[in-house]
Amino acid sequence: MAYTGDVHRYIEFTQGVKFDLQQKESKLMPLVTEVTNGGKMEMHDFLGEVGNFDDITGRHANTKLTEVEHKRRAITCKPKAKTFLIDDEDKARQAHDINSLYIKDATMAYNRTIDAMIYSGLNASVAAGEDGTTLVARPTTYDVAHDSGYDTDGIWVASGATSVGLTIDKLRRAKLMLDEQYADELGEYCMVVHPRQLDNMLGLVEVTSSDYAAVKALVRGEVDSFMGFKFISYNDVSLAAGIYDCYAVTKGSMYLASQKSTGGLRTEISRRADKNNATQIQLKFDKGVARMFDEAVIKIECKG
């Protein structure tokens, strides 16, 4: 008779369920100002700079009038959802609480979705005008080209022959552009970059340079700030034709709107009679993103 003792061997499973490696928390939420939408869209009004006071050139001189630029930008929220269906028969055969695990998995997806909305909004056209139907593109004057840098005389060259990654020159230029627009009045300067750009910067800085130690600590995660910027490493930076679109962003330049009553992430669990009374788990939110201050968002093109 063949040996059959292995029939009585048992399989033991761990009590917990691990999640795949993924971005779990939001990285870009610190960039935004959170607001609430009450209707179809929410209008945000601004006044342009009026300049210095005018001289009065003499007695009974004609009055000099100033035209004030009135600006308006609108945010529209759009609902999004993630839905799961679980049969009772499957739940009965599982050792884990599938409901709570699915909800936790979807919550991480929510954080990534919010980041994707914020990142997309950095460069997207925004709704403007009296009724929010005029689309305004982000001005390319606030771009740092992938092949730009300072020459040996310290003159900024907007385009050159060779594409480069993130350099000290590009950080200097971005900070100067923000400073010249008084962007520091909004808040802290942040730099949204792909991890490759941090690695690239480490490779470009000379070992003997005083910047090297700071960049090395930044890459290692020992510090998160360098040259006046708080760095945010974000894997989903746009990549096209070998060029990453990184951004120098002033906190508060982007608005994240939540629709009143439906904006926040909420979980709804119900029975689906049309699916043999299976349990439906749906997570929903209703938000929108818009760039409010063009001059406080600098796109920095970087070679991959």
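Rules used in this analysis
- Residues numbered from 1 in each chain as written.
- Predicted model: local features only at pLDDT ≥ 70, side-chain atom pairs only at ≥ 80, totals over all residues.
- Heavy atoms only, no water.
- Buried < 20%, exposed > 50% of the residue type's maximum accessible area, 1.4 Å probe, protein only.
- Helix = DSSP H or I, 4+ residues; strand = E, 2+ residues; numbered from the N terminus.
- Pairing = 2+ DSSP bridges.
- Axes fitted to C-alpha atoms, helices over the stretch in contact; angles between N-to-C directions.

1. So, the pairing of strand 15 (residues 254-259)
The element strand 15 is largely enclosed, with a buried count of six among its six residues. In strand 15, alternate side chains face the same way, and those of Met254, Leu256 and Ser258 on one face and Tyr255, Ala257 and Gln259 on the other are all buried. Here strand 1 (residues 32-37) pairs with strand 15 via six bridges, running parallel. Residue Thr36 lies in a different strand from strand 15, and its bridge partner there is Ser258. Across five bridges, strand 15 lies against strand 17 (residues 278-291) in antiparallel orientation. Along strand 17, the bridge assignment pairs Met254 with Arg291.

2. Points about the sheet that holds strand 5 (residues 126-128)
Spatial strand order, 2-3-5-6: four strands in an open sheet with antiparallel pairing. Sheet topology places strand 2 (42-47) and strand 6 (134-136) at the edges, where each strand pairs with a single neighbour. On average, each strand axis in the sheet is tilted by 40 degrees relative to the strand beside it, whichever way the strands run. In this structure, strand 2 lies alongside strand 3 (residues 70-75), joined through six bridges in antiparallel fashion. Its bridge partner being in strand 3, Phe46 is matched across the sheet by Lys71.

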